[in-house]
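Inside the fold
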Amino acid sequence: MFPTIVYGNRRKNLRAELSGGLILFLGNQEVPFNYPANTYSFRQDSNFSYFFGLDHPDLAAVIDLDEQKDYIFGNDVDMDDIIWMGVQPTIQDQAAMAGVQHTAPLTGLNDLIKSAIARERKVHFAPPYRGETILWLSDLLGIPHLNLKENASEPLIRAIIKLRMKKDPIEIAEIEKMVDIAREMHTTGMKMAKPGVVERQIAGTIEGIALSQCGPVSFPVILSINGQTLHNHYHGNTLVEGRMLVIDAGCENDLHYCSDITRTVPVGGKFNARQKGIYEVVLNANLAAIKAAKPGVPFREIHMLAATEIAKGLTGLGIMKGDPEAAALKGAHTLFFPHGLGHPLGLDVHDLEGLGENLIGYDEEVQRSKEFGLAFLRFGRKLQEGFVMTIEPGIYFIPELIDLWKAENKLAEFINYNVVETYKDFGGIRIEDDILVTADGCRVLGKPIPKTVGEIEQIMQ
Ligand code: GLY
């Protein structure tokens, strides 16, 4: 945990954003994997972590905005628990670490919430995303589970977004440590990417680096020679010369700060001419986006800059044609770059996403597009100092999408379909860094991870 004062200050800042009522936070519970006693690894809810820092299951917290009182609710372990789990800190000791004075067993939470509802006091809560929490919340509030989302408190959601989006130095230091461990995961993966190796050997090794140095991976490892599938979790292919290996992986620590890095390397360690050509287009888009990221610039503008770079590069390779800017405006690049440029990163790998993508990433000024490609951009609004974002352009040759567009002769004024056909066996390339938006630009977090053609070929030798 951070020092107690950190959590006290965070709650003070939250109180300042809301006018009255209670704020209810339900911590996460253990979730069964295949039978009740065999659970997934416990992962605390990120809002609970942010405001209270406590990393045990079955806790709840209330901030009473009118009475200026904070509560932690939970049950102390009994002898049966001690036999199986060992001695655990008491609820009172845990609350003290979070700077909270009032504690009670979980039945007390029921009483407090029921009495608040009876007195028509506002109970603010964030939208739940786990089945167990949905049931618990529904039971506590007497709201049918299907109606919980629409009853979540928008003022609370907006306040949490405002506070959590801007990372302070202690948070940035934690994220940066995770980027450095991701660096070791990626450089190890690069060195292992030789013909004959099976993907899962690399996936397991790099996941082991995370587990042995910090906590779990921050999302299931994406690692495939079929990188044209954006989130490919199948790890059964044998690496063969001529394929590119996409590795998209990061880790999180015991405070739950995350990293999320992607590198793509040629199996065997040497780029052929075709691979180098496409790789450098993605790299230019990544570098141009990083150069453009600064406070006040809408992220959508940076996404479009990367899209234009991709259109320019693919035009240079004869895969696209015509004016690259016009091509990007018409969305012709989305045949190759169908996803968004990046997303916020922090306590969640897609930070805050559970609160609602549009509330996090869009506002009155920048509204979410419904167009294919741009609609997948999770965040479009202006950047601010302190935001941590991923920058992750890519180029993919998705045979099924190519067939669909070609059959429709879609945007044929910008696409050389005959040339595209020859890339259907290419796979995909993505290059992703984690950046911190600074006062006048941005900084790529962590120690540099090999990224240029020369750096990658060198480390893979
Ligand atoms: N890096 C995985 C994701 O952004 O979803």
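Digging into the site of the ligand
Neighbouring residues of the ligand: F219, I222, H231, D248, D260, H343, H350 and E392. Within the side chain of D248, an N or O atom sits 2.9 Å from a nitrogen atom of the ligand. The contact in question runs from an oxygen atom of the ligand to an N or O atom on the side chain of H343, over 3.0 Å. The protein chains hide 93% of the 200 Å² of surface that the ligand would expose on its own.

Overview of the sheet that holds strand β11 (residues 388-391)
The sheet built from three strands is open, its strands ordered β11-β14-β15 with antiparallel pairing. Every other strand in the sheet has two partners, leaving β11 and β15 (442-444) as the edge strands with one partner each. Between one strand and the next, the sheet's axes are offset by a mean angle of 35°, whatever the strand orientation. With four bridges joining them, β11 and strand β14 (residues 433-437) adopt antiparallel strand pairing. Paired with T390 across the strands is D434, a residue of β14.

Here we look at the packing of aromatic side chains
Throughout the structure, instances matching the rule amount to 17 aromatic pairs. Ring geometry for Y423 versus F426: centroids 6.0 Å apart, planes at 45°, classification tilted. Accessibility expressed as a relative area gives 9% for Y423, which makes it buried. Given a relative accessible area of 2%, F426 falls into the buried group. Among the aromatic residues, ring-to-ring pairing joins F25, F48, Y50, F51 and F52 into one connected group. In this structure, R10 is placed above the aromatic ring of Y50, and the distance from its NZ or CZ to the ring centre is 4.0 Å. Sitting over the face of the ring of Y423, R274 holds its NZ or CZ atom 5.1 Å from the ring centroid.

Details of the pattern of salt bridges
Scanning the entire structure with this criterion turns up 30 salt bridges. A salt bridge links K406 to E421, with the nearest nitrogen and oxygen atoms 3.2 Å apart. Taken as a pair, K406 in helix α15 (residues 399-408) and E421 in helix α16 (residues 417-421) lie far apart in primary sequence, 15 residues in all. Judged by its relative accessible area of 33%, K406 falls in the partly exposed class. Salt bridges linked by common partners bring R164, K167, D348 and D351 together as one network.

A closer look at unusual backbone geometry
Backbone geometry places N409, a non-glycine residue, at a positive phi of 50°. Relative to the elements of secondary structure, N409 occurs in the loop between α15 and α16. A relative accessible area of 51% means that N409 is categorised as exposed. Of note, L411 is a non-glycine position whose phi angle comes to about 45°, a positive value. Residue placement: L411 occurs in the loop between α15 and α16. A relative accessible area of 17% places L411 in the buried class.

Reading guide: rules and limits
- Residues numbered from 1 in each chain as written.
- Predicted model: local features only at pLDDT ≥ 70, side-chain atom pairs only at ≥ 80, totals over all residues.
- Heavy atoms only, no water.
- Near = heavy atom within 4 Å.
- Polar contact = N/O pair within 3.5 Å; in protein donor to acceptor, adjacent residues only side chain to side chain.
- Areas by Shrake-Rupley, 256 points an atom, 1.4 Å probe, with all protein chains shown as cover.
- Pairing = 2+ DSSP bridges.
- Helix = DSSP H or I, 4+ residues; strand = E, 2+ residues; numbered from the N terminus.
- Axes fitted to C-alpha atoms, helices over the stretch in contact; angles between N-to-C directions.
- Phe/Tyr/Trp six-rings, centres within 6.5 Å; stacked < 30°, edge-to-face > 60°.
- Buried < 20%, exposed > 50% of the residue type's maximum accessible area, 1.4 Å probe, protein only.
- Lys NZ or Arg CZ within 6 Å of the ring centre and 35° of its normal.
- Salt bridge = Lys/Arg side-chain N within 4 Å of Asp/Glu carboxyl O.

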